[in-house]
Amino acid sequence: MPFRTTVRRELLFVLLQGCLVLAQSTNPSTYMDNALNAAGVLNDVYYNASTGLWNNLWWNSGNALTAITDVAKADSNYASTAEGIFATTFQNAPGRGGGPGWTNNFYDDEGWWALGWIDAFDLTSNQSYFAAAADIYNDMQTGDNATCGGHWWDKPHSANTAIGNELYLSVAAHLAERTSGDDRTGYLNDALNEWNWFKNSGLIDTNNIVHDGLDLSTCQVDAGSPTFTYNQGVILGGLISLNNVSPDPSYLQTASNIAHAVLAHMVDDNGILIEYGGSLTPDENASQFKGVFVRNLMALQQVQPDSAYVSFLQKNADSLWANARDSSSGLIGPDWQGPFEDNDMSSQNSAVSCLLAAYVASQ
Ligand SMILES: *[C@@H]1O[C@H](CO)[C@@H](O)[C@H](O)[C@H]1NC(C)=O
Ligand SMILES: *[C@@H]1O[C@H](CO)[C@@H](O)[C@H](O)[C@H]1NC(C)=O
Ligand SMILES: *[C@@H]1O[C@H](CO)[C@@H](O)[C@H](O)[C@H]1NC(C)=O
Ligand SMILES: *[C@@H]1O[C@H](CO)[C@@H](O)[C@H](O)[C@H]1NC(C)=O
């Protein structure tokens, strides 16, 4: 009997310890340390000062710029690093995307840079960055009035995509938020027109999942249309911003519906985000998408807190750190459930956004 009691006590102790470990979530400051570590690797390995780009990639670098800006917003010690990069990129990157300045033939590429410079403006209050975003937007406006309504994806008018329309909405609403008078009215009208078209376009399906694009001959979503994670991401930031300028409860309700649809339908059994198509065709474009989603979910959590978002972001940050990261190099791959493979610049900056989102959501 005494023997058994001892054993039972020990067993209970071991079990309790296990429960404590399981129940103990990662310390929030650890997420910030990890985000800083991943951002350091992003810049050390991929940033090229002579081009002002990360791995000389164009639209993805607009996202890397946003990812490091968000890190600096959360940790003021990082601001000087981010500001040094803004100055170098602002000087050396224009014209490298295939067109003059920050423009080229792809309206979505333009949108990423516009959002990146708006983020840099928010951190620094430097009007040069705001002016760059406003100039980019002027060029984006030339893609209006697509065949099926909404906005063209590109200047040759080859496609009408969710991402092109979401970015147009988000940039217009962000500009409206930061302007006054006629400028604000103009941006707001564009954003409202875009949203009124988008919500009835068929791009959002009955499960609240956003599809990638429309068939130009039918103006319907193709049955097999992809549902990339970034399609579910940019729309959240656009609706948050639209709600800030012109409040309407339906905007955040729609954002919440889309976010919850992702948490229900686009994850594995452990709740870890999966990209459309899984890891079958990993490349530097597909591996960018998840960072966009979690960054915008972080923004939604800030205006409309939801414990489901917090636990999703923490789980994904924990998993990518434990399973998708090479601990000797600090590089992180695109499959957050692991293993570490197929890493590139975009998977690195996506990981930065996830780690940071977990930190911000844990506050
Ligand atoms: C930076 O980009 C330039 C121009 O493409 C290239 O010549 C150079 O090798 C790159 N540097 C690094 C470190 O990748
Ligand atoms: C604003 O940013 C531009 C471009 O990086 C830079 O040349 C300028 O010095 C900055 N202005 C201020 C007031 O910091
Ligand atoms: C789109 O149509 C509106 C309304 O007719 C017009 O004011 C605007 O200039 C058009 N934009 C473009 C890029 O064609
Ligand atoms: C990624 O997208 C760019 C256009 O933004 C394209 O030029 C490039 O070929 C794509 N990369 C891959 C690996 O598909």
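Look above for the structure.
The rules we used
- Residues numbered from 1 in each chain as written.
- Chains lettered and ligands numbered in written order.
- Predicted model: local features only at pLDDT ≥ 70, side-chain atom pairs only at ≥ 80, totals over all residues.
- Heavy atoms only, no water.
- Salt bridge = Lys/Arg side-chain N within 4 Å of Asp/Glu carboxyl O.
- Helix = DSSP H or I, 4+ residues; strand = E, 2+ residues; numbered from the N terminus.
- Buried < 20%, exposed > 50% of the residue type's maximum accessible area, 1.4 Å probe, protein only.
- Expected span 1.5 Å × (residues − 1).
- Core = buried A, V, L, I, M, F, W, Y, C linked by side-chain atoms within 4.5 Å.
- Contact = heavy atoms within 4.5 Å.
- Near = heavy atom within 4 Å.
- Polar contact = N/O pair within 3.5 Å; in protein donor to acceptor, adjacent residues only side chain to side chain.
- Areas by Shrake-Rupley, 256 points an atom, 1.4 Å probe, with all protein chains shown as cover.
- Nonpolar A, V, L, I, M, F, W, Y, C, P; charged D, E, K, R; others polar.
- Phe/Tyr/Trp six-rings, centres within 6.5 Å; stacked < 30°, edge-to-face > 60°.
- Lys NZ or Arg CZ within 6 Å of the ring centre and 35° of its normal.

Q: Please clarify how the pattern of salt bridges should be interpreted in this entry.
A: Oppositely charged side chains are able to pair whenever their charged atoms sit close together. For the structure on display, the rule yields six salt bridges. With a shortest N-O distance of 3.9 Å, Lys73 and Asp122 are connected by a salt bridge. Placement of Lys73 in helix 3 (residues 59–74) and of Asp122 in helix 5 (residues 107–124) is noted, with a sequence separation of 49 residues between them. The exposure class of Lys73 is partly exposed, given its relative accessible area of 41%. Ionic pairing is found between Arg178 and Asp122, a salt bridge with its closest N-O pair at 2.7 Å. In this pair, Arg178 is assigned in the loop between helix 7 (162–177) and helix 8 (181–198) and Asp122 in helix 5, connecting sequence segments 56 residues apart. Looking at Asp122, the relative accessible area reads 32%, which means it is partly exposed. If you follow the salt bridges from partner to partner, you end up with Lys73, Asp119, Asp122, Glu177 and Arg178 in one network.

Q: Is there a simple way to think about helix 7 in this case?
A: Because an α-helix packs 3.6 residues into every turn, residues spaced three or four apart end up facing the same way. With 16 residues, helix 7 should cover 22 Å at 1.5 Å per step; its first-to-last C-alpha distance of 22 Å lies within 8% of that length. Counting buried residues along helix 7, 15 of its 16 residues qualify, which places the element largely inside the surrounding structure.

Q: Would you mind going over the nonpolar core with me for this structure?
A: Counting 114 residues, the largest nonpolar core has Trp54, Trp117, Trp195, Phe198, Phe293, Leu297 and Phe312 as its most contacted members. At eleven residues, the largest contribution of residues to this core is made by helix 13 (residues 345–361). Non-local contacts of Leu297, meaning those with residues more than four positions away in its chain, are made with Leu236, Ala259, Leu263, Tyr309, Phe312 and Leu313.

Q: Quick question: what am I supposed to make of the site of ligand 2 here?
A: Neighbouring residues of ligand 2: Ala87, Phe90, Asn126, Ser128 and Tyr129. One of the side-chain N or O atoms of Asn126 is found 2.3 Å from an oxygen atom in ligand 2. Separating an oxygen atom of ligand 2 from a side-chain N or O atom of Tyr129 is a distance of 2.7 Å. Out of a free accessible area of 360 Å², ligand 2 has 38% covered by protein chains. For the shell around ligand 2, the secondary-structure elements that each account for two or more residues are helix 4 (79–92) and helix 6 (127–140).

Q: Please explain the site of ligand 4 as it appears in this structure.
A: Taken together, the residues surrounding ligand 4 are Trp59, Asp283, Glu284 and Asn285. Between ligand 4 and Trp59 there is a distance of 3.5 Å, counted from an oxygen atom to a side-chain nitrogen or oxygen. Here an oxygen atom of ligand 4 sits 2.4 Å away from a polar atom, N or O, in the side chain of Asn285. Across the shell around ligand 4, the residue classes break down as one nonpolar, one polar and two charged.

Q: Hey, could you run me through the side chain of Ser287 in this one?
A: In this fold, Ser287 is placed in the loop between helix 10 (249–265) and helix 11 (289–303). When sequence neighbours within four positions are dropped, the list of residues in contact with Ser287 reads Pro334, Asp344, Ser346, Ser347 and Ser350.

Q: Explain the packing of aromatic side chains here, please?
A: A ring pair, where both rings are aromatic, is described by two values, the distance of the centres and the angle of the planes. Evaluated as defined, the whole model comprises 27 aromatic pairs. Their ring planes at 55° and their centres at 5.2 Å tell us that Phe121 and Phe130 sit as a pair that is tilted. Classification of Phe130 by relative accessible area gives buried; the value is 10%. Members of the aromatic cluster, connected to one another through ring pairs, are Trp58, Phe86, Phe90, Trp102, Trp113, Trp117 and Tyr129. Here Lys290 stacks its cationic end above the ring of Trp336, 4.7 Å away from the centre of that ring.

In short, shape yes, function no, at least from these values alone.
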